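# Residue-level structure breakdown
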Amino acid sequence: MNQSELSIATIRSLGIDMINKAKSGHPGMVLGSAPALYTLFTKELTVNPKDSAWINRDRFVLASGHASALLYSLLHLSGYDLSMDDLKQFRQWNSRTPGHPEYQVTDGVDASSGPLGQGIPTAVGMALAERYLANRYNKNDFNIIDHYTYVLCGDGDMEEGVTYEGASLAGHLSLGKLIVLYDSNKTTLDGPIELAFSENVKKRFEAMDWQVLCVNDGNDISALSSAIKKAKKDIFKPTLVIINTIIGYGSANQGTSAVHGSPLGEIDGKNAKLSYGFDHEDFYVPQEVYDDFNKKVVIRGQKAYKKWTNLWHTYQDKYPTEAKELDDAINNQFHLDYNEFLKDYPDGKSEATRVTSEKIINVIAKQNPNFLSGTADLASSTKTVIKDGGQFGCDNYAGRNLYFGIREFAMVCIMNGITLHKGLKVAAGGFLVFSDYFKAALRMSCLMKLPIILPLSHDSIAVGEDGPTHQPIEQLAMLRSMVNLQVIRAADTYEMSAAWKKALETTDRPTALILTRQNVENITHATYEDVCHGAYIVSAEKNNMEGIIIATGSEVSLAIQAQKILLDKGHDVRVVSMPSMDLFDQQDEAYKESILPSSIRKRLGIEMSSDFGWYKYIGLDGRMMSVNEFGKSAPASQIIENYGFILDNVVKKYLEM
């Protein structure tokens, strides 16, 4: 057995041991793809395990996250901060080796991966970020940003539609430094892939302007190495390397779905190891295997890192402005000063918050050169264009406007990848109702604590003539229910400016900005602190408060108007604007009590959306003006009136309580 064979046998054996000990896991791809990842890690992947956040490292995304035992074995052998004890805690409570790879949990994991399909479009975002930053910061003889993005995916990824959304855009953008290794074992959980899949993947990717290479035997190290080297030479086309493998290689059940997601067990595991020529106790690693990885991964990576570090220091001396700009962006230092902007907005000025948002986007772009904006083919409606920012594309990698096409799901996956890469802040918009399309990707943003920004317009039944298919009802409640998502629905320019500042300067969670299509009056005088508190008194009671009206977004103006009429009728009411429920929930009890005193049980909530979640704030004695049915196709003014969001009805609803 030569050194490569011994190292691969060790990787496979560690995978068997981890899964057997946990009595849970997916050995199939671990055993089939071990040679491919051994080849990648030891021959081509340039990383520094002692500085796993190095900005110019190659990125690796395990799209098929169920094969996590394979990645953990490689990270341990490569010298990352992942011990043998960590491997033995695979899939256990609070371990650093969870069932699927998780970003910021395990050293060396560049992206969380679990739901199949998202790995490739996430990697597209990483490759896109590399191209933009390289174009902006590289100088003659100073390739500060110059690396590859690699993916390992499986048949399941090829069945997911979002894979092709991302791959199509990658081909269009000529992201040639993206290389995907496709473990084609022709088996899924339910059985042979022919049950539901028979397309020609090679032709499909070629049609999307990818280079496609094939490796007939997934155990052939030489062929694997040659394919990856050839992939790296074509910098104008992303590359798919189709690798024919055997699922569960070495198991008595190899080649069948039985080995996809069940431990081999003691007997089959031992026999599989013997078939590799590996006859050792569980979790054994020969010293020569550690030495092999130390030489081929650690030392090779440290040499590249040292060379880059010397280059970076020289770059800092020669180009101090660019160096500081890049360093600040890598460290998520993005800010917004909107004071000058607000001077153009007197009280009473009427403007849709989507229009205000676009103006703020352009202020942000001037103040933050590494801020990118995009949309899923809705720029004219969602108002996301950076004026004079140019279109990002293969003929202009300096472009700051990202055109994702009608690919909402891939859009957010790509935004995740851009943010994971570091060095850029990205915002991209769509209609609120289409958040259903990208929810799965946004959930991963929340899980990874990625501060992407989603300006989502057309936020209510006021969409009008496009009708119920385009009028969001339950989407706002859905977004508010998501763990670690910041949701802000601004009432006017004041709140909108503060909301953008909060979103831009947030570093540990994504933000959804909920924007109106229709005009709203500039009325709140909200401060940044008001919006950061999530809810505040926008119009106080005069003397003795008897009730509270709580409203969000475009309905805040309606609440303030109703307050005046109610006062004339002898009812002293406080109006609270609640742009962000989640931010309000984070405040201490004293602040919450100061805004919504528990002694005041007469509360009316107003929002042109589902009332789901509102009773937390209005209480069991409160009442909601909301929309709990699908809308209608008609002019917005008619819809708003027919659903009762008019002044007389607000007054009536309050007086009926």
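Below, the structure is looked at part by part. (Residues numbered from 1 in each chain as written. Predicted model: local features only at pLDDT ≥ 70, side-chain atom pairs only at ≥ 80, totals over all residues. Heavy atoms only, no water.)

### Some details on the layout of surface pockets
Selection criterion: A cavity here means a set of points on a 1 Å grid, drawn over the protein atoms and nothing else, where a 1.4 Å probe fits but cannot get out; a pocket is an open set with protein on both sides within 12 Å along at least five of seven lines, and a residue lines either one if it has an atom within 4 Å of a point. Grid points are joined across faces, edges and corners, and a volume is the space filled by probe spheres set on the points. Strands here mean DSSP runs of E at least two residues long; helices mean DSSP runs of H or I at least four residues long; both are numbered from the N terminus.
Computed from the structure, the largest pocket encloses a volume of approximately 310 Å³. It is helix α11 (residues 287-318) that contributes the most residues to the lining of the largest pocket, 4 residues altogether.

### Details of the side chain of Asp110
Inclusion rule: What qualifies as a polar contact is a pair of N or O atoms within 3.5 Å, subject to a donor-acceptor requirement within protein and to the restriction that residues adjacent in sequence count only when both atoms come from side chains. Contacts are assigned to residue pairs that have any heavy atoms within 4.5 Å of one another.
Within the secondary structure layout, Asp110 lies in the loop between α4 (84-88) and α5 (119-137). Separated by 3.0 Å, the side chains of Asp110 and Arg57 make a polar contact. Discounting residues that sit within four places of it in the chain, Asp110 has contacts with Arg57, Asp58, Arg59, Phe60, Tyr103, Met126 and Leu420.

### Digging into the nonpolar core
Inclusion rule: Within this scheme, the nonpolar core is defined by two criteria: the residues are buried Ala, Val, Leu, Ile, Met, Phe, Trp, Tyr or Cys, and they are joined through side-chain atoms within 4.5 Å. Residue exposure (1.4 Å probe, protein chains only): buried if accessible area is under 20% of the type maximum, exposed if over 50%, otherwise partly exposed.
Membership of the largest hydrophobic core comes to 85 residues, with the highest contact counts inside it found for Met158, Phe205, Leu240 and Leu479. With 11 residues, α5 is the largest single contributor of residues to this core. Setting aside residues no more than four positions away along its own chain, Met158 makes contact with Ile120, Cys153, Thr163, Tyr164, Tyr182, Phe197, Val201, Phe205 and Leu240. Listed in part, the 77 residues of the second largest apolar core include Ala427, Ala499, Cys532 and Met624.

### Some points on the pattern of salt bridges
The criterion, for reference: For this document, the term salt bridge refers to a Lys or Arg side-chain nitrogen within 4 Å of an Asp or Glu carboxyl oxygen.
Scanning all chains against the criterion turns up 33 salt bridges. Between Glu130 and Arg131 there is a salt bridge, with the nearest N and O atoms lying 2.8 Å from each other. When its relative accessible area of 1% is taken as the criterion, Glu130 is described as buried. Judged by its relative accessible area of 22%, Arg131 is partly exposed.

### Concerning the packing of aromatic side chains
Rules: Side-chain rings of Phe, Tyr and Trp (the six-membered ring for Trp) are treated as a pair once their centres are within 6.5 Å; stacked means planes under 30 degrees apart, edge-to-face means over 60, and tilted covers the remaining angles.
Summed over all chains, the structure comprises 21 aromatic pairs. With a centroid separation of 5.8 Å and 5 degrees between ring planes, the pair formed by Trp308 and Trp312 is classed as stacked. Note that Trp308 and Trp312 are positioned in helix α11 at a spacing of 4 residues, about one turn of the helix. A relative accessible area of 11% means that Trp308 is categorised as buried. Using a relative accessible area of 11% as the deciding quantity, one classes Trp312 as buried.

### Overview of the packing of α11 against helix α12 (residues 320-330)
Here is the rule we go by: Axis definition: a line fit to C-alpha positions, over the contact stretch in the case of helices; interaxial angles, taken between N-to-C directions, run 0 to 180 degrees. Angles below 35 degrees are treated as roughly parallel, those above 145 as roughly antiparallel, those between 65 and 115 as roughly perpendicular, and all remaining angles as oblique. Here the nonpolar group is Ala, Val, Leu, Ile, Met, Phe, Trp, Tyr, Cys and Pro; Asp, Glu, Lys and Arg are the charged ones; every other residue, Gly included, is treated as polar.
With their axes 5 Å apart at the nearest point, α11 and α12 run at an angle of 120 degrees to one another. One finds that α11 runs oblique with respect to α12. Between α11, through Trp312, Tyr315, Gln316, Asp317 and Lys318, and α12, the contact on the second element is made entirely by Pro320, Glu322, Ala323 and Leu326. The class makeup of the residues in the contact of α11 with α12 is 5 nonpolar, 1 polar and 3 charged.

Bear in mind that shape data such as this cannot, by itself, settle questions of function.
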